[in-house]
Amino acid sequence: MKFRKSEKKDVEIIMEIINEAKDYFKSNGIDQWQNGYPNEEVILNDIKNDESYVLCDENEKVIASCVISFRGEESYNVIEKGNWKSNLPYAVIHRVAVKNKLKGKGISSELIKEAEKMCLEKKIKSIRIDTQEDNKSMQRLIIKNNFEYCGIIYISDGSERFAYEKLL
């Protein structure tokens, strides 16, 4: 598999993968990504900010995407019912999405491993991630990849999210 920065030409396939995830969430009663977010404008902005990444199969076909940011996260400034593990500079992983037909094959863990490599190259020793309470599959992925639950954060629309951190 090849991990690389997303390009504008990838937006259509990234949106296909995200829309599959939206449908999966809806059919499983998960109220995440059900309000039009993320949309094409968000993805284009991620690309413009050099924070959007894709994972490609051996045929160079995009099979997964995510955002890896080193700019911090305003919604992480306040955490309730717990504490962050560190006050170190950190990376944030957002908008993890994998083609439906490839779910359960370790693709999301591969994205996390790539984020860890990027962090180590930049001498960043912390990664943070959050997810909705109902998104049990994401919670399993996060725990499987040795993140620790830290508490509750609130995103810009006021929604509650479970917050996790991993020290490298």
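To keep things clear, this report deals only with the structure shown in the data block. (Residues numbered from 1 in each chain as written. Predicted model: local features only at pLDDT ≥ 70, side-chain atom pairs only at ≥ 80, totals over all residues. Heavy atoms only, no water.)

Details of the overall build of the protein
Inference 1: Along its length, the protein carries 4 helices and 7 strands.
Inference 2: Since a compact globule built from 168 residues should have a radius of gyration of about 15 Å, the 15 Å found for the protein is in line with a globular shape.
Inference 3: Structurally, the protein occupies a C-alpha span of about 40 × 40 × 30 Å along its principal axes.
Inference 4: Taken over 168 residues, the protein has a buried fraction of 51%.
Inference 5: Put simply, of all contacts in the protein between residues at least 6 apart along the chain, 67% involve residues at least 24 apart. (Helix = DSSP H or I, 4+ residues; strand = E, 2+ residues; numbered from the N terminus. Rg over C-alpha atoms; globule rule 2.2 N^0.38 Å. Buried < 20%, exposed > 50% of the residue type's maximum accessible area, 1.4 Å probe, protein only. Contact = heavy atoms within 4.5 Å.)

Some details on helix α4 (residues 136-144)
Inference 1: The complete set of buried residues in α4 reads M138, Q139, L141 and I142. Considered in projection along α4, the buried side chains sweep an arc of 160° and stay on one side of the axis. Across from the buried face of α4, at angles greater than 90 degrees, the exposed residues are R140 and K144.
Inference 2: Packing partners of the buried residues in α4 comprise β4 (91-98), α3 (107-121), β5 (126-131) and β7 (160-167). (Arc of directions from axis to C-beta.)

Quick look at the nonpolar core
Inference 1: The biggest cluster of nonpolar side chains holds 28 residues, and the ones touching the most others in it are I93 and F147.
Inference 2: When residues of this core are traced back to their parent elements, those giving at least two are β2 (52-56), β3 (62-69), β4, α3, β5, α4 and β7.
Inference 3: Here the element with the most residues in this core is α3; it accounts for 6 residues.
Inference 4: Discounting residues that sit within four places of it in the chain, I93 has contacts with V67, I112, A115, I127, R128, I129 and F147.
Inference 5: Listed in part, the 15 residues of the second largest apolar core include V11, I17, A21 and V54. (Core = buried A, V, L, I, M, F, W, Y, C linked by side-chain atoms within 4.5 Å.)

Looking at the pattern of salt bridges
Opposite charge on two side chains makes pairing possible when the charged atoms of those side chains draw close.
Inference 1: One pass over the structure, following the stated rule, counts 11 salt bridges.
Inference 2: E7 is the salt-bridge partner of R4, the closest N and O atoms lying 3.9 Å from each other.
Inference 3: With a relative accessible area of 13%, R4 lands in the buried category.
Inference 4: Residue K9 pairs with E7 through a salt bridge whose shortest N-O separation is 4.0 Å.
Inference 5: Connected through shared salt-bridge partners, R4, E7, K9 and D10 make up one network. (Salt bridge = Lys/Arg side-chain N within 4 Å of Asp/Glu carboxyl O.)

A closer look at the pairing of strand β6 (residues 148-154)
Inference 1: By the bridge criterion, 6 bridges tie β6 to β7 in an arrangement that is antiparallel. Its bridge partner lying in β7, G151 is registered against A163.
Inference 2: Turn length for the β6-β7 hairpin, with the two strands adjacent in sequence and antiparallel, is 5 residues, and the turn residue G158 shows positive phi of about 90°. (Pairing = 2+ DSSP bridges.)

Focus: the pairing of β5
Inference 1: Within β5, 6 of the 6 residues are buried, which leaves it mostly tucked inside the rest of the structure.
Inference 2: Residue alternation in β5 divides its side chains into two sets, S126, R128 and D130 and I127, I129 and T131, and both sets are buried.
Inference 3: Direction of pairing for β4 relative to β5: parallel, over a ladder of 3 bridges. Each residue of the ladder has a partner; that of I93, found in β5, is I129.
Inference 4: Handedness of the crossover is the feature at issue here: the chain leaves β4, passes through α3, returns alongside β5, and the resulting connection is right-handed.
Inference 5: When β5 meets β7, the two strands line up antiparallel, connected through 6 bridges. Bridge pairing in β7 links R128 to E165. (Right-handed = clockwise from strand over helix to strand, strands pointing away.)

Quick word on the environment of E41
Inference 1: Structurally, the position occupied by E41 is in helix α2 (residues 40-48).
Inference 2: Here the alpha-carbon distance between E41 and V11, two residues 30 residues apart in the chain, equals 9.6 Å.

Considering empty space enclosed by the protein
Inference 1: Taken as a whole and judged by the stated rule, the model has 1 cavity of 30 Å³ or more.
Inference 2: What lines the largest cavity is simply I14, I18, I43, D46, S52, S65, C66, V67 and R95.
Inference 3: Among the secondary structure elements, those contributing two or more residues to the lining of the largest cavity are α1 (11-27), α2 and β3. (1 Å grid on protein atoms, 1.4 Å probe; cavity = no way out; pocket = protein on both sides within 12 Å on 5 of 7 lines; lining within 4 Å. Points joined across faces, edges and corners; volume = space filled by probe spheres on them.)

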